[in-house]
Structure formats: C-alpha cells, structure tokens
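Coordinate inspection notes
So you can see what is in the structure, the chains are spelled out below.
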Amino acid sequence: MFPRISLIIAALSLTAGLGGCSAFSKLPDYMAKEDGRPHGYSEIALPEGGYQVSYETYKKYELVEVEELAIRRAAELSVEQGAKGFDVENTLCFKEYQFDNVPEQSASGRTVTLTTAAGPVSVPVDEPNFPGYTRTFEVRKCLLKIKLLKDLDAPGEGGGAS
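What you are looking at is a predicted structure, and each value in this text was computed from that prediction instead of being measured.

Looking at the overall build of the chain
Helix and strand counts for the chain come out as two helices and six strands. For the chain, the N- to C-terminal ordering of α and β elements is α-β-β-α-β-β-β-β. Here the chain holds 162 residues, and 33% of them are scored as buried. Put simply, 65% of the contacts in the chain that link residues at least 6 apart link residues at least 24 apart. For the chain, the exposed area adds up to about 10,000 Å²; of that, 55% sits on carbon and sulfur atoms.

In structure tokens, the structure reads:
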C-alpha cells in the first residue's frame, strides 16, 4: 500500500520541482506531446486494461528525470480516471536518435532596381545557395505500463473487489 501512495505524492510534487530546469527552452518542460515533436507526454489505453504512459524529450534530461515526468503523468491520469492509485507493471527508459532532413535552400532570383542617369536598371541579387543537411536529435524516452487501482488494498487487481 505505501509504495503506491508515495508514487502519487512524489509524482505530484514534481509539478513545482521541474518547472525551472530549462530556462532557455522554447517549450515548457512538462506538456502533452503535440505536432509530432519529440517532447511531451502521451498515453494509450491498453486492450487488457491499464495504460501505456510515455514521456519523451530532446532536452538534456537524465533518464531518471524523464521517468519522473512519466510517473507524474501516470499520477494525473489515475486522478482523471477516478482511481485511488496505480501500479507500475513495467518500465522501459532509453535514448534514441531522430533525424530531420532540411532541404537545400536555393537562391530566390530576386532583383533590385537601381536608378541611373540612363534610367532604372534591374540587377539580380547575388544570394548564396545553402546545402541541405540532416539535424540529429537525441531523444530520451520512458514508457510505463500501468494498472489503475480502485482499491489500494487490492494490489495488482486493477480495481479489484473489496
């Protein structure tokens, strides 16, 4: 009973603790994953009950910090679903690489009109071509398989009978 309660308390206390970890980033530290960016939490309801909760980020977190963010989401999910707690049945944390191909940027073909004694003259602007390249992101990811509990005295039952 005690480990489940401490998991929820620890996860909810992360709300204040991780708020200032990355002062110079554009995205908040804790958020739902959106637009295919490798940053944020998500969850999937599993057919046998329970959920797979994940958190992934390209920010320079340790894997244990990413796992704490996934646990935070699991705690929020258990509250949203009206559960009394949750069991973490399986944890998988790892790093992977994602690649983003940026195409070559070619000159725009712009011209500038200059005024001369003979009248206006159109001159092409000499703009460089920028070669294509691949950006690489090291993404840290944690996946948790959780079972929501309706009764804290029924471990592993996923809401077992009282």
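Brief notes about the pairing of strand β1 (residues 40-45)
Each regular strand carries side chains that alternate between the two faces of the sheet. Pairing analysis gives six bridges linking β1 to strand β2 (residues 51-57), with the strands arranged antiparallel. Looking at the pairing, G40 lines up with E56 of β2. Joining the antiparallel neighbours β1 and β2 is a turn of five residues, in which G49 adopts a positive phi near 100 degrees.

A few points about the sheet that holds strand β6 (residues 133-149)
Read across the sheet, four strands follow the order β1-β2-β6-β3 without closing on themselves; strand pairing throughout is antiparallel. Two strands close off the open sheet at either side, each with one partner strand: β1 and β3 (85-102). For this sheet, the mean inter-axis angle between neighbouring strands, taken without regard to orientation, is 20 degrees. Of the pairings in the sheet, the one linking β3 to β6 comprises 17 bridges and is antiparallel in character. When the sheet's bridge partners are listed, C93 is paired in β6 with C142. Along the sheet, helix α2 (residues 63-80) contacts β1, β2, β3 and β6; its crossing angle with β6, the most-contacted strand, is approximately 45 degrees.

Re the pattern of salt bridges
If you walk through the whole model with that rule in mind, you get 13 salt bridges. Note that D100 and R135 form a salt bridge whose closest N and O atoms lie 2.3 Å from each other. Note that D100 is positioned in strand β3 and R135 in strand β6, a separation of 35 residues in sequence. According to the relative accessible area criterion, D100 is partly exposed, its value standing at 27%. As a salt-bridge pair, R140 and E138 come within 2.6 Å of each other at their nearest N and O atoms. Exposure remark for R140: the relative accessible area of 5% places this residue in the buried category. Several salt bridges converge on common partners, so that one network encompasses E43, R72, R73, E76 and E80.

Thoughts on the confidence of the model for the chain
Summary statistics for the chain give a mean pLDDT of 80 and a share of 77% for residues scoring 70 or more. β2 holds the highest mean pLDDT among the elements of the chain, 97, whereas helix α1 (residues 2-17) holds the lowest, 43.

Points about the environment of E68
Along the chain, the position of E68 falls in helix α2. Of the residues examined, E68 reaches a relative accessible area of 29% and is grouped as partly exposed. Sequence separation between E68 and Y55 is 13 residues, and the spatial gap between their C-alpha atoms is 9.1 Å.

Considering the state of the cysteines
Inspection of every chain in the model, using the stated rule, returns one disulfide. Disulfide pairing is shown between C93 and C142; the S-S distance is 1.9 Å. Sign of the S-S torsion, about 120 degrees for the bond between C93 and C142, identifies this disulfide as right-handed. Taken together, the residues C93 in strand β3 and C142 in strand β6 connect sequence positions 49 residues apart. Classification of C93 as partly exposed rests on a relative accessible area of 24%. Here C142 falls in the buried class, since its relative accessible area comes to 0%.

Cut-off values and rules
Residues numbered from 1 in each chain as written. Predicted model: local features only at pLDDT ≥ 70, side-chain atom pairs only at ≥ 80, totals over all residues. Heavy atoms only, no water. Helix = DSSP H or I, 4+ residues; strand = E, 2+ residues; numbered from the N terminus. Buried < 20%, exposed > 50% of the residue type's maximum accessible area, 1.4 Å probe, protein only. Contact = heavy atoms within 4.5 Å. Areas by Shrake-Rupley, 256 points an atom, 1.4 Å probe, with all protein chains shown as cover. Pairing = 2+ DSSP bridges. Axes fitted to C-alpha atoms, helices over the stretch in contact; angles between N-to-C directions. Salt bridge = Lys/Arg side-chain N within 4 Å of Asp/Glu carboxyl O. pLDDT = per-residue confidence, 0-100. Disulfide = S-S within 2.5 Å.

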